[in-house]
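Coordinate analysis (summary)
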Amino acid sequence: METTLVLIKPGGVSRNLIGEICRRIEARGLQITGLELIRAKRETVEAHYGEHKGKGFYEDVVNYLLSGPIVALAVSGENAVKAIRAMMGATNPIDATPGTVRGDLALSIEDNLVHSSSDVEAAKFELGLWFPAGPIRS
Ligand code: ADP
Ligand code: MG
């Protein structure tokens, strides 16, 4: 049993794709165990994308995540990290296989709709970042 982080980026929220993306996750047999609509803080996004600091697209991707509300999801299930990565598709939607979220619903790398944790260690770090009080608010 694993838990991973999915972010529905501002483009996914503005295009009304929250339901479609959650539907696919649930239909696969994975469980949404945390869900929050967030206007992200810059410090959170900078920590989230810390591995990309210094790269050409870093400022743009940080500003993109700050450009509107996002949805943070904790998703749990067997092999959830790998299953979700595969369902979201390649980073560049042009290379993403049809049937994936990015391959079906996105066209540009700047607006590739979703983030998902790359491995179990990243998932742990990112879940702590986006759900600091745990995945369910009380
Ligand atoms: P992923 O989201 O598939 O894990 P990365 O961790 O490599 O991809 O990159 C993080 C995010 O930064 C991507 O989802 C995308 O929004 C953006 N990004 C990555 N590479 C580029 C690029 N070459 N040009 C523009 N944006 C990029
Ligand atoms: Mg990544």
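Quick note: structure is the one above.
Described in the following lines is the structure provided in the data block. Within each chain, residue numbers correspond to sequence positions counted from 1 in written order. For naming, the first written chain is A and the first written ligand is 1, with later ones following in the order written. Whole-chain, interface and lining totals are the exception, using all residues; otherwise, since this is a predicted model, local features are given only for residues with pLDDT of at least 70 and side-chain atom pairs are given and counted only at 80 or more. In computing side-chain values, all of the structure's heavy atoms are included and hydrogens and water are not.

1. Some points on the sheet that holds strand β1 (residues 2–8)
- Taken in spatial order, the 4 strands make up an open sheet running β2-β3-β1-β4, and their pairing is antiparallel. Looking along the sheet, the strands with just one partner apiece sit at the ends: β2 (31–38) and β4 (114–116). Taking the axes of each pair of neighbouring strands and ignoring which way they run, one obtains an average angle of 20° across the sheet.
- Note on pairing: two strands pair once DSSP finds at least 2 bridges between them. Secondary structure follows DSSP: runs of H or I at least 4 residues long count as helices, runs of E at least 2 residues long count as strands, and numbering of each begins at the N terminus. In the sheet, β1 pairs with strand β3 (residues 70–77) via 7 bridges, with the strands oriented antiparallel. Bridge assignment links Ile 8 to a residue of β3, and that residue is Val 71. Simply put, an axis is a line fit to the C-alpha atoms, just over the touching stretch for a helix, and the angle between two N-to-C directions goes from 0 to 180 degrees.

2. A short note on the site of ligand 1
- Proximity criterion: a residue is near a molecule or strand once any of its heavy atoms comes within 4 Å of it. Lys 9, Tyr 49, His 52, Phe 57, Val 61, Arg 85, Thr 91, Arg 102, Ile 109 and Asn 112 make up every residue found near ligand 1.
- Contact between ligand 1 and Lys 9: an oxygen atom at 3.0 Å from a side-chain N or O atom of the residue.
- Contacts described as polar in this section are N or O atom pairs within 3.5 Å, which, within protein, must combine one atom able to donate a hydrogen with one able to accept it, while residues neighboring in sequence count only if both atoms come from side chains. Within the side chain of Thr 91, a nitrogen or oxygen atom sits 2.5 Å from an oxygen atom of ligand 1.
- The protein chains shown are the only cover counted for residues, whose accessible areas, like all others here, come from Shrake-Rupley with a 1.4 Å probe. Protein chains shield 77% of the accessible area of ligand 1, which is 530 Å² for the free molecule.
- When grouped by side-chain class, the residues that make up the shell around ligand 1 number 4 nonpolar, 3 polar and 3 charged. Residues are grouped as follows: nonpolar covers Ala, Val, Leu, Ile, Met, Phe, Trp, Tyr, Cys and Pro; charged covers Asp, Glu, Lys and Arg; every other residue, Gly included, is treated as polar.

3. As for helix α5 (residues 80–88)
- Relative accessibility thresholds used throughout: buried, under 20% of the residue-type maximum; exposed, over 50%; partly exposed, between the two (1.4 Å probe, protein chains only). Along α5, the residues that are buried comprise Ala 80, Val 81, Ala 83, Ile 84, Met 87 and Met 88.
- Considering only its buried residues, α5 is in contact with β1, α2 (18–27), β3, α6 (101–105), β4 and α7 (120–130).
- Following α5 by one or two positions, Gly 89 adopts a phi angle in the positive range, close to 90°. Contacts are assigned to residue pairs with any non-hydrogen atoms lying within 4.5 Å of each other.

4. As for the pattern of salt bridges
- Only one rule defines a salt bridge in this text: a Lys or Arg side-chain nitrogen within 4 Å of an Asp or Glu carboxyl oxygen. Applying the stated rule across the entire model yields 5 salt bridges.
- Residue Glu 20 pairs with Arg 24 through a salt bridge whose shortest N-O separation is 2.7 Å. Residue Glu 20 and its partner Arg 24 are located together in helix α2, separated by 4 residues, close to a single helical turn.
- For Asp 104, the salt bridge goes to Arg 24, with nearest N and O atoms at 3.0 Å.

5. Re the nonpolar core
- Counting 22 residues, the largest nonpolar core has Ile 25, Leu 30, Leu 73 and Ile 84 as its most contacted members.
- The set of elements that each furnish at least two residues to this core consists of β1, α2, β3, α5 and α6.
- Sort the elements by how many residues they give to this core and α5 lands first, with 5 residues.
- In contact with Leu 30, other than residues within four places in its own chain, are Ile 25, Val 75, Ser 76, Gly 77, Glu 78, Ala 80, Ala 83, Ile 84 and Met 87. Grouping buried Ala, Val, Leu, Ile, Met, Phe, Trp, Tyr and Cys residues that are joined through side-chain atoms within 4.5 Å yields what is termed a nonpolar core.

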